[in-house]
Amino acid sequence: MRIATWNVNSLKVRLPQVLQWLTEQEQAGTPIDALCLQELKLPDDKFPAAELAQVGYRGLYTGQKTYNGVAILARTASLPEPTDTLLNIPGFEDEQRRVVTATYGDLRLVCAYFPNGQSPESDKFVYKLKWLEALTAWLKDELTRHPRLALLGDFNIAPEDRDVHDPAKWEGQNLVSPPERAAFRGLLELGLADAFRRFEQPDKSFTWWDYRMLGFRRNAGLRIDHILLSPALADQCSACVIDRVPRTWEQPSDHTPVVATLAG
DNA sequence: ATGGCGCAACCTTTGCGA
C-alpha cells in the first residue's frame, strides 16, 4: 500500500503530469493506491474525473475557482468506494476548500491544504493559526474513532531547521516561525508521526522549491509537504520518500510528491 | 538588488503563492 501527497498548483495545467506519474508508478510495479492533491484551482464541474478514471482512479474532491481545492485519488483496483466522507473541518466555518476526508476499507485519509499565512504580521497568518487549532482539535476527536489515520498534504510549515535550505535567512519568517512550528508539534502530540523522519534521509531533503532564482537547480527549498501517521499506521510504515522526478519535468509544479509505503 | 516565476482572472495588469 502506497499513499502519496502532491500540491499540483493547478490540476488543469498539471493533469498530464499527474496521469504520467500515476501511470509510471503503476508500470514500475509500485502503484500509488491513494494520491492526495492540493491546489486544484478549479471548480467541481471542471474536475477531470473521466481522464483519471481512464488510468484507474476515482476522485473525491472539493474544488473552488482560482484558489485552493483538494482531492483524494483512489486506485479502483485496490481501494473500495470511500465511506464516511467529509469536506473541510467539521464545525469550522470556512469558504476556502482545504480538506477532504474519507475512509477506504479501514484506512482513514485526511487530505489537507494548510493556509499559507503570507507573513507573521498578516491577517492570513491569524487565519492560519486558527485553522491549525481547529484542525488539531478535530483530529484529536477523529483519532479516537479512526485508529488507522493518515494526514497528508501541503502543511505550509517546515517543522525544523533541517527542513530549510538556509535557516538563517528564513529565521522567524512565514512557514518556519515559532507559532507555526508549535502548531505542527501540536499535531505530533496527538500521537501522529512524521513518516519521513522515521527513516534515514539525505540531508537537504525538500518538497518545494521557488520557481524563481533557480530554486530547484540550487536545491534552495523547504520541506513543507508531509505525511503524518497514527501509531497503528506508523508501525506499518516501511518507507517514506520524496520523489523529485516530477519537479524535473517541463512546466512542473513547484512542489513534488511525497510517498509513504505501508506494509500489508 | 526582497527582484526574480507561474497561475488565474472582470486578462496586457494584478493578486497570490511560499
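Since the structure is predicted, the reported quantities are computational estimates derived from the model, not experimental observations.

How each quantity is defined
Residues numbered from 1 in each chain as written. Chains lettered and ligands numbered in written order. Predicted model: local features only at pLDDT ≥ 70, side-chain atom pairs only at ≥ 80, totals over all residues. Heavy atoms only, no water. Core = buried A, V, L, I, M, F, W, Y, C linked by side-chain atoms within 4.5 Å. Buried < 20%, exposed > 50% of the residue type's maximum accessible area, 1.4 Å probe, protein only. Contact = heavy atoms within 4.5 Å. Near = heavy atom within 4 Å. Polar contact = N/O pair within 3.5 Å; in protein donor to acceptor, adjacent residues only side chain to side chain. Nonpolar A, V, L, I, M, F, W, Y, C, P; charged D, E, K, R; others polar. Pairing = 2+ DSSP bridges. Helix = DSSP H or I, 4+ residues; strand = E, 2+ residues; numbered from the N terminus. Axes fitted to C-alpha atoms, helices over the stretch in contact; angles between N-to-C directions. UniProt positions renumbered as here; feature names shortened; annotations may be inferred.

**Section: the nonpolar core**
Formed by 30 residues in total, the largest nonpolar core has its most connected members in Ile3, Tyr104, Leu109, Ile227 and Leu229. Not counting residues up to four positions away in its chain, the partners in contact with leucine 109 are Ile3, Ala34, Ile72, Val100, Thr101, Ala102, Tyr104, Ala150 and Leu152. Grouped together as the second largest cluster of nonpolar side chains are 22 residues, Leu132, Leu139, Leu143 and Phe184 included.

**Let's talk about the protein's contact with DNA strand B**
In the vicinity of DNA strand B lie 23 residues, with Ser10, Glu39, Asn116, Trp208 and Met213 positioned nearest. Backbone sugar and phosphate groups make up 64% of those atoms of DNA strand B lying within 4 Å of the protein. At 3.2 Å, a side-chain N or O of glutamine 251 approaches a phosphate oxygen of DNA strand B. Residues belonging to the surface near DNA strand B are distributed by class as follows: eight nonpolar, eight polar and seven charged.

**Points about the sheet that holds strand β4 (residues 70–75)**
Spatial ordering of the open sheet is given by β3-β4-β2-β1-β14-β13, a layout of six strands whose pairing is mixed. The open sheet has two free edges, formed respectively by β3 (57–62) and β13 (237–242), since each of these has just one partner strand. On average, adjacent strands in this sheet sit at an angle of 15 degrees to one another, irrespective of strand direction. Bridge analysis of strand β1 (residues 2–7) against strand β2 (residues 34–38) gives five bridges, and the strand direction is parallel. Residue pairing in the sheet places alanine 4 in a bridge with leucine 35 of β2.

**Here's the deal with the UniProt feature "domain: Endonuclease/exonuclease/phosphatase" (unreviewed entry) in chain A**
Under the UniProt annotation, "domain: Endonuclease/exonuclease/phosphatase" (unreviewed entry) lies at residues 4–255. Helix makes up 28% of residues 4–255 and strand 25%, with an end-to-end C-alpha separation of 13 Å.

**Regarding the side chain of threonine 207**
As for its position among the elements, threonine 207 is in the loop between β9 (193–194) and β10 (208–209). Among residues more than four places away in sequence, those in contact with threonine 207 are Leu222, Arg223, Ile224, Asp225, Ile242, Asp254, His255, Thr256 and Val258.

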